[in-house]
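Spelled out from the first residue to the last, the chains are:
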Amino acid sequence: MTSGTPVVFVVDDDASVLKGLKRLLCSAGFTSETFASATEFLDRYDQNAAGCVILDLAMPDFDGLQMQKALTERGSVLPIIFLTGHGDIATSVQAMKAGAVDFLTKPVTDEALFAAVHTAIQRCQALYRAREETAIIRCRVATLTPREREVLTHLLSGKLNKQIAADLGTVEHTIKVHRARVMQKMQARTFAALVRFAERAGIAATPPAES
Amino acid sequence: MSMNWVEIIWTMMATASLTLGFVHLLVWFEQRSRYASLAFFVITTSVAAFSASELSMMEAQTPAAYASALRWAHVPICMIALSIIAFVHFHFGSGRRWLAYAAAAFRFLTLFLNFTTGENINFEEVTALEHVPLWGGIAAAVPVGSPSLWQIVTQIGNLLLVAFVVDASITLWRRGDPVARRRAALVGGSIVLFIIGVTGLAVFILAGAVRAPTVLTPGFLVIVLAMAYELSWEVIAAAQLAAKLHTSEINLRASEEQFRAVVESVPNAILLVDDAGKVTLTNPQAQALFGYGREELVGRQVELLIPEWYRYAHESHCQSDAADARARLMTIARERYALHKDGSQVPVKLVLRSMRTVDASFVLVSLEDVTEQRQNERTAARQRDEIAHLSRVATLGELSGSLAHEINQPLMGILSNAQAAQRFLARDDVNLDEVREILADIVEDNKRAGEVIKRLRALLKKGEMQKRPLDINSVVDDVVRLTRNDLVNRSVALSTELTPDLPSVFGDQIHLQQVLLNLVMNACEAMESVVKTPQVHIRTRRTDGGVEISVADLGGGIPPGDLERIFAPFVTTKEHGIGLGLSICRTIIDAHGGRLWAENNGEGATVRCAFSLSDHAE
């Protein structure tokens, strides 16, 4: 579902800074899109695109932190690199806490910028990959029968087949068959992998029964 | 030998006459123009001499002695007649000259004939003497003899003299004033009566009709007394006049001294210049101001005191039609510098008053040496500039983040463009057009950064106020640029409403920027945590005879009682303010001849700064 090339979105109210950054990114092979204001960006940006946002902290309409919040609210995972003319510590801490990848002070050198952009794009791509994997796992989970799901939750709590059979009021052999089915449907070769997949899909273990 | 009463009386009359005469001789000595007094003196001595002659006639023992005494008696008579003519002429100031000359001529002729014909003018020969008894057993000699026909000459002379005196008296009488009339009646009358009486008596005596001695001395004494009375009046009047003159002179001198004291004690330097441009009066202050002595200044041309660098303008001014004394000094009035003797130029405050006396016009120049005043003004201006500078630095300190942004933006542009270019150039297929564009952008950004730094440097620079014609709108633009980022950080919306083509204001760009900067910052601070959508509105507009900048906010306004107080030093409404900003702003605007005040606009405060255009001409 992700588009192939990552895009760097640059938001700054200063036209010459925008132009310069676009050229610099271009010179390093990055694809970039520029926006003169936060509003314009929020209205126009490609929500499916992977990449990152380079955001000027001081904007007439939104300040950088407000925009970060707006993006999060829209469910965007685009990492943000803040640019500022005068980085004060309080603002940068706040920005980093809210998930900024980096906080760069103008004027920024190409190495610092590219490093930050690389990191951000990688993080974005990682995020997208993880999201895809989760989606696949969820699809696999969807193929499980209710009984198999039940067995899965019991398995996740680390019970033995015998115990599970006792809990579900059936025989150990039946549990074994279910277990093999679950492993097969979830495409988990080891039990450890199954546990990891289940976690990604947000399936919780059945709490151990009180004896 | 004892004197009889006749001798005593005649001697007394002679003495009295002489005494009066000497008094008036003294008067004449004092006032040589009083010829009447001199004439009177001659009359009195002649009367005294005549009285002696008359006495010897009365006491003559032989006809020959009588004839001789009578002959010699004609000398004083002639002198008396001539003196009367002179007296009337000088004292009355009237009478026909030809009558005077004729009378004098006949009198001389009488004297001549007196000595050349017969025994004297009256007798061919005195043959005998008769003795007529007088009172007290004394007898006076009376001549008997053949009268001379030449006597007619004497009588004509007498008639001419009478005619002259009558004519002079009438003329005087006609002048009408009481003194003249009295004089004409008294002197003229007594002379005329006496001469007519004497002549008549002489005719009778000498004709032998009356046997009596010739007793003329008392009559002469009457004339002398009348004249003396008149002359005394004149002397008294003269004395009164002199006393009056003296009083008025004392008054004059007193007022002159007062005037001098005033002129010399006024704090200002005073010059009085006539319409030829010459200094006619100075005071010690003027001498001190210009460094010249009184005698060096009085009589010199006033151009001496005007610095050369505008003397040319001054002279051309003088050559114009209206080159009167006032115009001659106008250049000083404009330039307000005076030239000291040592060549230095003294700043002066100058007031001119034209004055007109009966026969001349002057210009009174009052100069005040304002060197000290100027120095104080300069010191005050320096202090003001220093405080303004400190306040500017403080303001810029508050704005530092915003200013860093202003500089970093173009630097960012430059750096990214330059590094992009380096990368493009490192490629095999170099797009030179792209690189050219990049370089152009770098130049632009560089200029932009340079502008910001220039503005900052100007604001941070410590310097004197330098006024020049300014476009108020450009001041606003500069301030908007400087504060833009700060306002963004504070989320303040700034709007401007600039009237185009405003007349320029004569002022210092930096100082006015500072004022506006302060006003904008104050507006922002007033709205901090007070309003949700803070707004600042800057407006420039024309007013009646001036230009106005106003800065309005929505910060709730200022309590009416504080509208004026906020401009006082150390008064602040801010938590951390020191309360100098607005006071410095006002000082600056005052130095521009403008006005700075605050008003409430309903939702907040509006601070207005007005400049009147008439001030720029200076």
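Fair warning: this is a prediction, and the values are worked out from it, not measured in the lab.

1. Some thoughts on the packing of aromatic side chains
Consideration 1: With the rule as written, the count across this model stands at 14 aromatic pairs over all chains.
Consideration 2: Between B:Phe194 and B:Phe220, the aromatic rings sit 4.6 Å apart at their centres with planes inclined by 50 degrees, giving tilted as the arrangement. Pair noted here: B:Phe194 is in helix H6 (residues 178-206) and B:Phe220 is in helix H7 (residues 217-265), with a separation of 26 residues, a long-range link. Side by side, B:Phe194 and B:Phe220 carry an identical accessibility label, which is buried.
Consideration 3: Taken together, the aromatic side chains of A:Phe9, A:Phe35, A:Phe41 and A:Tyr45 make up a single cluster linked through ring pairs.
Consideration 4: In this structure, A:Arg140 packs its charged tip against the face of A:Phe197, placed 5.6 Å from the ring centre.
Consideration 5: The ring of B:Trp28 has B:Arg32 lying over it, and the distance from NZ or CZ to the ring centre is 4.8 Å.

2. What to know about the packing of helix H1 (residues 15-27) of chain A against helix H5 (residues 110-143) of chain A
Residue and element names in this part refer to chain A.
Consideration 1: It is the contact of H1 with H5, at a shortest axis distance of 11 Å, that shows an interaxial angle of 75 degrees. One finds that H1 runs roughly perpendicular with respect to H5. On H5, the residues that touch Leu21, Leu24, Leu25 and Ser27 of H1 are Asp110, Leu113, Phe114 and Val117.
Consideration 2: For the contact of H1 with H5, a count of residues per class yields six nonpolar, one polar and one charged.

3. Quick notes on the interface of chain A and chain B
Consideration 1: Taken together, the contact between chain A and chain B spans 26 residues of the former and 26 residues of the latter.
Consideration 2: Both faces considered, chain A and chain B share a buried interface measuring about 2,100 Å² in area, 52% of it formed by carbon and sulfur atoms.
Consideration 3: For the interface between chain A and chain B, the tally reads seven salt bridges.
Consideration 4: One salt bridge in this structure joins B:Asp441 and A:Arg23, with 2.9 Å as the shortest N-O distance.
Consideration 5: For the pair chain A and chain B, the interface holds 15 residue pairs in polar contact (both at pLDDT 80 or more).
Consideration 6: Of all elements in the fold, only H1 and H5 of chain A reach the threshold of two or more residues within the side of chain A that touches chain B.
Consideration 7: Ranked by residue count, the leading element in the side of chain A that touches chain B is H1(A), at nine residues.
Consideration 8: Residues of the side of chain A that touches chain B, tallied by class, amount to 12 nonpolar, six polar and eight charged.

4. Overview of unusual backbone geometry
Consideration 1: The omega angle of the peptide bond from A:Lys106 to A:Pro107 is -10 degrees, so this bond is cis rather than trans.
Consideration 2: Structurally, the position occupied by A:Pro107 is in the loop between strand S5 (100-105) and H5.
Consideration 3: Even without being a glycine, A:Gln187 presents a positive backbone phi close to 55 degrees.
Consideration 4: Mapped onto the secondary structure, A:Gln187 falls in the loop between helix H8 (172-185) and helix H9 (191-200).
Consideration 5: A positive phi angle is found at B:Ser491, which is not glycine, with a value near 55 degrees.
Consideration 6: With respect to the helices and strands, B:Ser491 occurs in the loop between helix H15 (472-489) and strand S9 (493-498).
Consideration 7: On the basis of relative accessibility, which here comes to 53%, the residue B:Ser491 falls in the exposed class.

5. What to know about the sheet that holds strand S3 (residues 51-56) of chain A
Residue and element names in this part refer to chain A.
Consideration 1: With respect to topology, five strands assemble into an open sheet ordered S2-S1-S3-S4-S5, the strand pairing being parallel. Either end of the sheet is taken by a strand with one partner, and the two such strands are strand S2 (31-35) and S5. Averaged over all pairs of adjacent strands, the angle between their axes in this sheet comes to 20 degrees, without regard to strand direction.
Consideration 2: Note that strand S1 (residues 7-11) and S2 share five bridges and pair parallel. Across the sheet, Val11 pairs through a bridge with Phe35, a residue of S2.
Consideration 3: Against the sheet, helix H4 (residues 89-97) touches strand S4 (80-84) and S5, its axis set at about 155 degrees to S5.

6. Quick word on the sheet that holds strand S12 (residues 546-552) of chain B
Residues and elements named next belong to chain B.
Consideration 1: Taken in spatial order, the five strands line up as S9-S11-S12-S14-S13 in an open sheet, and their pairing is mixed. Since the sheet does not close on itself, it has two edges, and those belong to S9 and strand S13 (595-600), each with one partner. For this sheet, the mean angle separating the axes of adjacent strands, direction not counted, is 15 degrees.
Consideration 2: Those strands touched by H15 are S9, strand S11 (535-543), S12 and strand S14 (605-612), and its axis lies near 170 degrees from that of S9.

7. Looking at a nonpolar patch on the surface
Residues and elements named next belong to chain B.
Consideration 1: Taken together, the side chains of Leu186, Tyr229, Trp233 and Ile236 make up a nonpolar region of the molecular surface, amounting to roughly 360 Å² of accessible area.
Consideration 2: Looking at which element gives the most residues to the nonpolar patch, the answer is H7, with three residues.
Consideration 3: Take Tyr229: it is sitting in helix H7.

8. Concerning the nonpolar core
Residues and elements named next belong to chain B.
Consideration 1: Counting 54 residues, the largest nonpolar core has Ile84, Phe87, Ile191 and Met227 as its most contacted members.
Consideration 2: A total of 15 residues in this core trace back to one element, the largest contributor, which is helix H3 (residues 63-92).
Consideration 3: Residues in contact with Met227, not counting those within four places in the same chain, are Phe40, Ile43, Ile84, Phe87, Val187 and Ile191.
Consideration 4: Counting residues in each nonpolar core, the second largest holds 50 residues, with Val515, Val536, Ile589 and Leu596 among its members.

9. Thoughts on the pairing of S12(B)
Residue and element names in this part refer to chain B.
Consideration 1: The buried fraction of S12 is high, at seven of seven residues.
Consideration 2: Alternating residues of S12 divide into Gly546, Glu548, Ser550 and Ala552 and Val547, Ile549 and Val551, and every residue in both groups is buried.
Consideration 3: As paired elements, S11 and S12 share seven bridges and run antiparallel to each other. Residue pairing across strands places Arg542 opposite Val547, the latter belonging to S12.
Consideration 4: In textbook terms, the turn of a hairpin is the stretch between consecutive antiparallel strands, and for S11 and S12 this stretch comprises two residues, one of which, Gly545, has a positive phi near 70 degrees.
Consideration 5: As defined by bridge partners, S12 adjoins S14 across seven bridges and the pair is classed as antiparallel. Among the inter-strand pairings, Val551 is bridged to a residue of S14, identified as Val607.

Basis of the calculations
- Residues numbered from 1 in each chain as written.
- Chains lettered and ligands numbered in written order.
- Predicted model: local features only at pLDDT ≥ 70, side-chain atom pairs only at ≥ 80, totals over all residues.
- Heavy atoms only, no water.
- Phe/Tyr/Trp six-rings, centres within 6.5 Å; stacked < 30°, edge-to-face > 60°.
- Helix = DSSP H or I, 4+ residues; strand = E, 2+ residues; numbered from the N terminus.
- Buried < 20%, exposed > 50% of the residue type's maximum accessible area, 1.4 Å probe, protein only.
- Lys NZ or Arg CZ within 6 Å of the ring centre and 35° of its normal.
- Axes fitted to C-alpha atoms, helices over the stretch in contact; angles between N-to-C directions.
- Parallel < 35°, antiparallel > 145°, perpendicular 65-115°, else oblique.
- Contact = heavy atoms within 4.5 Å.
- Nonpolar A, V, L, I, M, F, W, Y, C, P; charged D, E, K, R; others polar.
- Buried area = accessible area lost by both parts, 1.4 Å probe.
- Salt bridge = Lys/Arg side-chain N within 4 Å of Asp/Glu carboxyl O.
- Polar contact = N/O pair within 3.5 Å; in protein donor to acceptor, adjacent residues only side chain to side chain.
- Pairing = 2+ DSSP bridges.
- Patch = residues over 30% accessible without salt bridge, like charges linked within 9 Å, V, L, I, M, F, W, Y side chains within 5 Å.
- Areas by Shrake-Rupley, 256 points an atom, 1.4 Å probe, with all protein chains shown as cover.
- Core = buried A, V, L, I, M, F, W, Y, C linked by side-chain atoms within 4.5 Å.

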